[in-house]
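Structural characterization, general
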Amino acid sequence: VSSAPTTDTAGAASSQEGTQAAVTPPESDIPVHAPYLLIGGGTASFYAFKAIKANDPRAKVLVISEENHLPYMRPPLSKDLWFQTDPEKVEKLEYHPTQNFSVFHASNAYYVDPKKLPHLDKGGVGILHGRRVIYLDAMAKKVHLDDGSEITYDKCLIATGGRPKNLKVVENAGEEIAKRTILFRTIDDFQRLYKVCQETKTVTVVGGGFLGSELAVALGNSGLLNGIKVNQIFPESGVLAKVLPEYLSKWTTRRVEAENVNVIPNQSIETVSYENGQVALGLSSGITLKTDYIVVAVGLEPNTELAKTSGLEIDDVHGGYRVNAEMEARSNIWVAGDASCFYDIQLGRRRVEHYNHARVSGQLAGENMTGAAKPYTYQSSFWSDLGPKVAFEAIGMVDSSLPTVAVFAKSSDDTSAVKAVKDPESSEAVMTAPDEYDKGVVFYMKDKLVVGVLLWNLPYRLTTARQILKDGAENEDLSEVAKLFRIHQT
Ligand code: FAD
Ligand code: NAD
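Let me begin by describing the structure that accompanies this report. These numbers come from a predicted model, not from an experiment.

A closer look at the pattern of salt bridges
- For the coordinates displayed, the defined rule picks out 22 salt bridges.
- Taking the shortest distance from any N to any O, the salt bridge between Glu-171 and Lys-168 comes out at 3.0 Å. Here Lys-168 and Glu-171 lie together in helix 6 (residues 168-171), a separation of three residues that amounts to about one turn.
- What makes Glu-171 partly exposed here is its relative accessible area of 45%.
- Among the charged side chains, a salt-bridge network with shared partners connects Glu-66, Arg-132, Arg-163 and Glu-305.

Looking at the site of ligand 2
- Around ligand 2 sit 21 residues, and of these Gly-208, Glu-236, Glu-353, His-354 and Trp-383 come closest.
- Backbone polar atom of Phe-210 to an oxygen atom of ligand 2: 3.2 Å apart, as the coordinates give it.
- One nitrogen or oxygen atom from the main chain of Trp-383 is found 2.8 Å from a nitrogen atom belonging to ligand 2.
- For ligand 2, whose accessible area on its own is 840 Å², the fraction buried by protein is 80%.
- Looking at the shell around ligand 2, the elements that each hand over two or more residues are helix 9 (210-226) and strand 22 (381-385).
- For the shell around ligand 2, the element with the highest residue contribution is helix 9, accounting for four residues.

Observations concerning the sheet that holds strand 14 (residues 288-291)
- Judged by pairing direction, the sheet is antiparallel, and its three strands sit side by side in the order 12-13-14 without closing on themselves. Of all the strands in the sheet, just strand 12 (269-275) and strand 14 have a single pairing partner and so form its edges. Strand-to-strand, the axes of this sheet are offset by a mean angle of 25°, without reference to chain direction.
- Looking at chain direction, strand 12 and strand 13 (residues 278-283) are connected through six bridges and run antiparallel. Paired with Ile-269 across the two strands is Leu-283, which belongs to strand 13.

Description of the pairing of strand 27 (residues 449-456)
- The buried fraction of strand 27 is high, at seven of eight residues.
- Pairing of strand 23 (residues 391-396) with strand 27 involves five bridges; the strand directions are antiparallel. Residue Ala-394 lies in a different strand from strand 27, and its bridge partner there is Leu-454.
- Here strand 26 (residues 439-446) runs beside strand 27; their pairing, made up of seven bridges, is antiparallel. For Phe-443, the partnering residue across the bridge sits in strand 27 and is Val-453.
- What sits between the antiparallel neighbours strand 26 and strand 27 is a turn of two residues, in which Asp-447 has the positive phi angle 50°.

Cut-offs applied
- Residues numbered from 1 in each chain as written.
- Chains lettered and ligands numbered in written order.
- Predicted model: local features only at pLDDT ≥ 70, side-chain atom pairs only at ≥ 80, totals over all residues.
- Heavy atoms only, no water.
- Salt bridge = Lys/Arg side-chain N within 4 Å of Asp/Glu carboxyl O.
- Helix = DSSP H or I, 4+ residues; strand = E, 2+ residues; numbered from the N terminus.
- Buried < 20%, exposed > 50% of the residue type's maximum accessible area, 1.4 Å probe, protein only.
- Near = heavy atom within 4 Å.
- Polar contact = N/O pair within 3.5 Å; in protein donor to acceptor, adjacent residues only side chain to side chain.
- Areas by Shrake-Rupley, 256 points an atom, 1.4 Å probe, with all protein chains shown as cover.
- Pairing = 2+ DSSP bridges.
- Axes fitted to C-alpha atoms, helices over the stretch in contact; angles between N-to-C directions.

Interpretation note: all reported values are geometric properties and have no functional meaning in isolation.
Shown next, in the form of structure tokens:
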């Protein structure tokens, strides 16, 4: 995908001053007005423009995207692409082992040339690549781009996602460390890390959240092929500790270790220095760990720079732009995806950093931009895979600070009694705890109601989970409720 060259139209107009001859004005690559203007070209934006086109087939939609790629899905960048054995497919960003599934949401043919957009009777979706919106004037309904151009709009969507956080100790460690540090979010980051893994001996992933854990497993797999050693360091006692109950987090950590990852929990990085061509990490235990590269995966900072100029509100607790249940922030401005802190009528104010939320909220914002005025009622789900033994899906509020009740069964023993374990934080009676968590369901509780459901190696049960959240199942019923998930059946 090429980014169109910049044309300074204001400059072109002034150079014609005083000239009598009729001059055809140079064709600008930037429309001066867009009925629908979408800021950001990620998943939320993609589903918003699909919804806009479905509801207003002649809509003219202009997307401003900082990235020089067509809209794409990020999930395969930390999972499937690392298990792709055909290097040509990796090159083409095709992630499925047998099908030609691509990370791109749609091919180039789907989009129109942005400069032609104003003249297309049937409308279309045009993307301006490699441009950043730096200022949004909500009263004038106008955006300013980083190349100095301005575009007015009728309806605007902010779908700017977020950028990876870094650690101060890494940021302040100088140029040599910066050269050996990867913050991971984009196709370009994937391609860089993929190359690094073919040329290096040790990579250390910092962070035990979704990205850190998925990448550690992916690199562990790559390490088996390329002979690299993979470390994963994080401050919690187990992986995904902010999401999983402690016992499950610890059990999952052992599964990550089994994927060729040297997991170092309960450690923070206190010093970072450059020593003999390597990164030396001084850990809180006093140990120094030397590594060729570090991948820092310590969370996401929502991209909310436009808040000040546009007079939009940022949520103090969750971050992100505050929007109502219809994803609207102000008149004619909607926000969707990772950057939105929305009002969930059922579960309260939230911000969600997952793919299906970007899809669902983008679609809802798109529909509402065409006049639907629908509230957020459909709970989005999310998923993760950590090697061959751990795949889960979840819905609602899935936060390890909440009390949980869980029911598990061993996949090898279909006749075994279902066992239940409870988080020690919970006040209810404890049932026998199994030592293996092959498959099961975890209920997250708030005020005695189920507010989140995690399906552990239990595919195709999301509809049941969604219904349980909707019905508001109570604490007392849960062993009965768990039966609805047919845990013994695959
Ligand atoms: P983004 O995808 O971040 O898109 C926002 C876009 O806006 C970016 O291209 C950005 O450059 C651009 N932008 C920002 N500011 C401006 C500006 N001022 N002007 C112009 N453009 C701008 N979720 C899951 O549920 N399951 C998974 O398995 C999963 N795997 C993931 C794997 C990886 C490696 C990553 C990084 C994320 C993963 N996620 C997963 C999370 C999911 O991808 C995100 O929640 C989703 O991408 C959010 O979509 P978005 O459109 O809100 O933001
Ligand atoms: P995260 O919020 O999932 O995890 C943050 C982790 O950073 C913490 O668990 C902790 O281990 C680590 N951390 C925080 N402060 C630290 C410190 N001072 N030192 C060391 N470690 C520290 O964020 P992430 O894992 O970086 O993921 C980035 C984004 O990508 C998130 O929005 C995430 O939801 C998304 N993502 C989602 C999926 C999925 O849904 N399957 C997969 C990959 C990425």
